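Observations on chain architecture
The primary structure of each chain is shown beneath.
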Amino acid sequence: MSDKDDMPGLEVFFDAARRHGAEPSVALLARIDEDAQAVQALARRPAPHPTRRSTLSTRLYRLLGGWPAVTGLATAAMAGVWLGISLPEGILDGAGESAYLIDVAPELAFDLAGGEF
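Quantities reported herein were computed from a predicted structural model and do not represent experimental measurements. (Residues numbered from 1 in each chain as written. Predicted model: local features only at pLDDT ≥ 70, side-chain atom pairs only at ≥ 80, totals over all residues. Heavy atoms only, no water.)

1. Remarks on the overall build of the protein chain
Inclusion rule: Only DSSP runs of H or I with at least four residues qualify as helices, and only runs of E with at least two residues qualify as strands; both kinds are numbered from the N terminus onward. A 1.4 Å probe and the Shrake-Rupley method give the accessible areas. Residues count as covered only by the protein chains that appear here.
A count of helical and extended segments in the protein chain gives five helices and zero strands. Along the protein chain, from the amino end to the carboxyl end, the secondary structure elements read α-α-α-α-α. Accessible surface, the protein chain: about 11300 Å² in total, of which carbon and sulfur atoms supply 63%.

Shown next as structure tokens:
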């Protein structure tokens, strides 16, 4: 969409830039070479060997997602144990006749206090 006639004053500057080629200085090239040599020297070093293998519990801990996930999992497990051991009457108090419990295997009941419930 632009023609050369749109900005005739800029052509002088473009011609001057074309005549004067941009060459990097010798000092800049020397700094680039020094930096490249330093990076290559770091790459030649052998990788450090792991000194200790991680245990199964450490790998499982990392697999689960660290301490927040393990804490949540432990809390859920403890709540499940608590609800599994506690008596259902304590949970169903106030529910009236609309809620009832069917014991599928009464001979497998867990008696915490050893009494008749």
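Read on, since the account is not over.
2. A closer look at the pattern of salt bridges
What counts here: We define a salt bridge as a contact between a side-chain nitrogen of Lys or Arg and a carboxyl oxygen of Asp or Glu at a distance within 4 Å.
Overall, the coordinates contain two salt bridges when judged by the stated rule. Measuring nitrogen to oxygen at the nearest pair gives 3.5 Å for the salt bridge that ties Arg 18 to Glu 11. The shortest N-O distance in the salt bridge between Arg 18 and Asp 15 comes to 2.9 Å. Taken together, the residues Arg 18 and Asp 15, both in helix α1 (residues 10–19) and three residues apart, mark about one turn of the helix. Members of the salt-bridge network, linked through shared partners, are Glu 11, Asp 15 and Arg 18.

3. Here we look at the confidence of the model for the protein chain
To be explicit about the condition: pLDDT runs from 0 to 100 and stands for how confident the predictor is about each residue.
Per-residue confidence for the protein chain gives a mean pLDDT of 77, with 68% of residues at or over 70. Of all secondary-structure elements in the protein chain, the lowest mean pLDDT belongs to helix α5 (residues 88–91), at 60, while helix α2 (residues 26–44) reaches the highest, 91.

4. A closer look at a nonpolar patch on the surface
Rules: For patch detection, residues must exceed 30% relative accessible area and be free of salt bridges, and they are connected within 9 Å for like charges or within 5 Å for nonpolar side chains (Val, Leu, Ile, Met, Phe, Trp, Tyr).
Side chains of Leu 10, Val 12, Phe 13 and Phe 14 sit close together on the surface and give an oily, nonpolar patch of about 420 Å² of accessible area. Topologically, Phe 13 is positioned in helix α1.

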